[in-house]
Amino acid sequence: MPRPAAHPEANAAAPAGAILAGGANRRFGSPKGLARVGGVRIVDRVAAALRAVTADLLLVANASDAGAWLPGVPVIADAVPGAGGLSGVHAALTHMRRPALVVAWDMPFVSAPLLRALAQRCAEEHADACFAESPSPVGLEPFCACFAPSCLPALEAALASGRTGGAEFARALPRASWLRADEVATFGDPARLFLSVNTAADLARAEALCQDAV
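What counts, and where the lines are drawn
- Residues numbered from 1 in each chain as written.
- Predicted model: local features only at pLDDT ≥ 70, side-chain atom pairs only at ≥ 80, totals over all residues.
- Heavy atoms only, no water.
- Helix = DSSP H or I, 4+ residues; strand = E, 2+ residues; numbered from the N terminus.
- Buried < 20%, exposed > 50% of the residue type's maximum accessible area, 1.4 Å probe, protein only.
- Contact = heavy atoms within 4.5 Å.
- Pairing = 2+ DSSP bridges.
- Axes fitted to C-alpha atoms, helices over the stretch in contact; angles between N-to-C directions.
- pLDDT = per-residue confidence, 0-100.
- Phe/Tyr/Trp six-rings, centres within 6.5 Å; stacked < 30°, edge-to-face > 60°.
- Lys NZ or Arg CZ within 6 Å of the ring centre and 35° of its normal.

Colleague: Now, about the side chain of Ser 87: what can you tell me, with residues and values included?
Modeller: Residue position: Ser 87 is located in helix 2 (residues 85–96). Assessed through its relative accessible area of 0%, Ser 87 is described here as buried. Beyond its immediate stretch of four places on either side in the chain, Ser 87 contacts Asp 78, Ala 79, Val 80, Pro 81 and Leu 159.

Colleague: Summarise the sheet that holds strand 4 (residues 57–61); cite the residues concerned and give the values.
Modeller: Taken in spatial order, the 7 strands make up an open sheet running 5-4-1-6-8-7-9, and their pairing is mixed. Of all strands in the sheet, those bounded by a partner on one side alone are strand 5 (75–76) and strand 9 (176–179). Two strands pair when backbone bridges link them, and strand 7 (residues 129–133) and strand 9 are joined in this way by 4 bridges, in the parallel orientation. Each residue of the ladder has a partner; that of Cys 130, found in strand 9, is Ser 177. Packing of helix 3 (residues 112–124) onto the sheet brings it into contact with strand 6 (100–104), strand 7, strand 8 (140–147) and strand 9, and relative to strand 8 it is tilted by some 60°.

Colleague: Provide a residue-level description of the environment of Leu 114, including the pertinent values.
Modeller: In this fold, Leu 114 is placed in helix 3. Linking Leu 114 and Ala 132, residues 18 residues apart in sequence, is a C-alpha distance of 9.1 Å. If near-sequence neighbours (up to four positions away) are discounted, Leu 114 is found in contact with Cys 144, Leu 179, Phe 187, Leu 193 and Phe 194.

Colleague: Summarise the environment of Pro 108; cite the residues concerned and give the values.
Modeller: By the secondary structure assignment, Pro 108 is in the loop between strand 6 and helix 3. Here Pro 108 falls in the buried class, since its relative accessible area comes to 3%. Once the C-alpha coordinates of Pro 108 and Asp 44 are considered, the two residues, 64 residues apart in sequence, prove to be 8.6 Å apart. What Pro 108 contacts, discounting residues up to four positions off in sequence, is Val 37, Ile 42, Arg 45, Leu 195, Val 197 and Ala 206.

Colleague: Summarise the confidence of the model for the protein; cite the residues concerned and give the values.
Modeller: With 90% of its residues at a pLDDT of 70 or more, the protein has an overall mean of 88. For residues 1–12, every residue scores under 50 in pLDDT, and the model assigns this stretch 18 contacts once sequence neighbours within four places are set aside.

Colleague: Give a description of unusual backbone geometry that names residues and reports values.
Modeller: With a phi angle near 55°, Arg 97 is a residue other than glycine that sits in the positive phi range. With respect to the helices and strands, Arg 97 occurs in the loop between helix 2 and strand 6.

Colleague: Quick one: what's the story with the packing of aromatic side chains, residue by residue and with numbers?
Modeller: Evaluation of the coordinates by the stated rule reveals 3 aromatic pairs. Centre to centre, the rings of Trp 69 and Trp 105 are 4.8 Å apart; their planes meet at 25°, and the pair counts as stacked. Linking Trp 69 in the loop between strand 4 and strand 5 with Trp 105 in the loop between strand 6 and helix 3, this pair joins segments that are 36 residues apart in sequence. A single burial state applies to Trp 69 and to Trp 105, both of which are buried. Put simply, the rings of Phe 131, Phe 147 and Trp 178 pair up and form one aromatic cluster. Geometry around Phe 109 places Arg 192 over its ring, the cationic atom sitting 4.0 Å from the centre.

Quick look at the structure:
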């Protein structure tokens with residue numbers, strides 16, 4: 001796949017922020033990142049966490065009206081439509097040509113300190129990516145992670161072969177770094193940090209957690 005030239009003003013050592021919003025929202029029924037938690041759209045919560053770590057944001061989305069979701073933030077489409085979050089990661093890395101902090105747009109409680117730790121660990125260990133262990137069924141968060149451009153060959157091979165599972169890709173990367181579960185817990189309750197709003201019940205739970213924190 002062709003790769004655009006790097007942005008001349010970009011600092012290759014600093015991460016960019018990429019919000020993944022390319023899903024079909026089948027379970028939620030509407031664009032889930034536009035739903036509100038605590039009166040604030042989830043996508044705005046994600047953007048705020050990323051902006052505390054990096055000034056450069058990118059929205060990866062396929063919807064025709066995505067340009068209006070975060071005014072001033074560039075929008076690009078998935079690299080391989082229908083291939084899930086890994087396609088969005090690929091699109092972000094090929095566009096920015098620098099490390100990318102990637103967050104799915106349905107995670108209302110992701111925090112800047114956690115994202116900063118992922119980026120620092122990835123840079124310190126010269127890793128292809130840094131993932132966080134979590135209590136999810138797959139034991140990690142493939143779409144709240146830092147990816148380096150060095151993972152592009154493996155990413156392109158996975159997409160070409162149809163192996164589009166994020167967790168499978170993370171575990172297969174030979175030069176991946178990890179934030180252990182105990183390290184993640186220093187930033188808050190992992191069940192809250194990594195909550196994804198995929199259904200109406202998830203949204204109600206997120207709202208309850210937001211009220212509990214007041």
